[in-house]
Amino acid sequence: MDFPGTVTGLGTAATSALFVLVTYESPAITRCAGHTRPLAAMASVASTMPILHALVLTPWAWGALRLITGVCIVGLYMVIESWLNALAPNSKRGKIFAAYMATTLGALAFGQFLILVGDVLGFTPFALVSILLSLALVPVALTRVPEPPPVAAPRPALRRLLAVAPAGLWGNR
């Protein structure tokens, strides 16, 4: 689209901009609506974003779409990980999360090669992302595994984190 590098960088940063907010709000959403409905809603919204990217070709719109995508993807991660955590017995939790992470990271790595499919400047890459995201929801939507009951999630507190692990809060500087 010949957007300037600054615009591209800001658009990419927008994907991560609300990650912290989502991590605060996602537990409240699953407490109110369970795991399945928020998962389906966020996957549906995230699946529409690539199509909108192909239809609306302005930097501001793309920034907003990346922001919405980021919120949905983090929400999806939080819902599925809390579901796995709630249902996995302690003796198998490490193996389950290792398989989950290997699958997730493998899919992210493989996904980079999809840019080679179809016309890079056309509609195909956007459509592929939308299709794959929609299809990824099917196994979860059809699972016979029951939803875990809602649990009260502790509210993260930066003051408490600073008191318990100051290096964890400031160590990245």
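Rules behind the numbers
Residues numbered from 1 in each chain as written. Predicted model: local features only at pLDDT ≥ 70, side-chain atom pairs only at ≥ 80, totals over all residues. Heavy atoms only, no water. Helix = DSSP H or I, 4+ residues; strand = E, 2+ residues; numbered from the N terminus. Polar contact = N/O pair within 3.5 Å; in protein donor to acceptor, adjacent residues only side chain to side chain. Contact = heavy atoms within 4.5 Å. 1 Å grid on protein atoms, 1.4 Å probe; cavity = no way out; pocket = protein on both sides within 12 Å on 5 of 7 lines; lining within 4 Å. Points joined across faces, edges and corners; volume = space filled by probe spheres on them. Nonpolar A, V, L, I, M, F, W, Y, C, P; charged D, E, K, R; others polar. Core = buried A, V, L, I, M, F, W, Y, C linked by side-chain atoms within 4.5 Å. Buried < 20%, exposed > 50% of the residue type's maximum accessible area, 1.4 Å probe, protein only. Expected span 1.5 Å × (residues − 1). Arc of directions from axis to C-beta.

Overview of the side chain of histidine 53
Among the secondary structure elements, histidine 53 is positioned in helix 3 (residues 36-55). Here the side chain of histidine 53 touches methionine 49 through a polar contact of 2.8 Å, landing on its backbone oxygen. Aside from chain neighbours lying at most four places away, what touches histidine 53 is Trp62, Leu65, Arg66, Thr69 and Phe126.

Description of the layout of surface pockets
Here the largest pocket is characterised by a volume of approximately 2200 Å³. Thr69, Ile73, Leu108, Val129 and Leu133 are the residues nearest the centre of the largest pocket, which is lined by 50 residues in total. Sorting the residues of the lining of the largest pocket by element identifies helix 1 (5-17), helix 3, helix 4 (59-87), helix 5 (93-111) and helix 6 (124-141) as the ones contributing at least two each. Tallied by class, the residues present in the lining of the largest pocket amount to 37 nonpolar, 12 polar and 1 charged.

As for the nonpolar core
Grouped together as the largest cluster of nonpolar side chains are 12 residues: Leu39, Met42, Ala43, Ala46, Cys72, Leu76, Val79, Ile80, Trp83, Phe97, Tyr100 and Leu137. Elements represented by at least two residues in this core include exactly helix 3, helix 4 and helix 5. Residue contributions to this core peak at 5 residues, all from helix 4. For alanine 46, the contacting residues outside a window of four places in its chain are Cys72, Ile73 and Leu133. The next biggest cluster of nonpolar side chains, apart from the first, holds 5 residues, and it includes Met49, Ala54, Leu65 and Phe126.

So, helix 5
In a regular helix each residue adds 1.5 Å, so 19 residues correspond to 27 Å; helix 5 covers 27 Å between its end C-alpha atoms and thus fits that length. For helix 5, every residue scored as buried is listed here: Phe97, Tyr100 and Thr104. The buried residues of helix 5 occupy an angular sector of 60° when projected down its axis, which confines them to one face. Across from the buried face of helix 5, at angles greater than 90 degrees, the exposed residues are Gly94, Lys95, Ala102, Thr103 and Phe110. Looking at the buried side of helix 5, the elements it contacts are helix 4.

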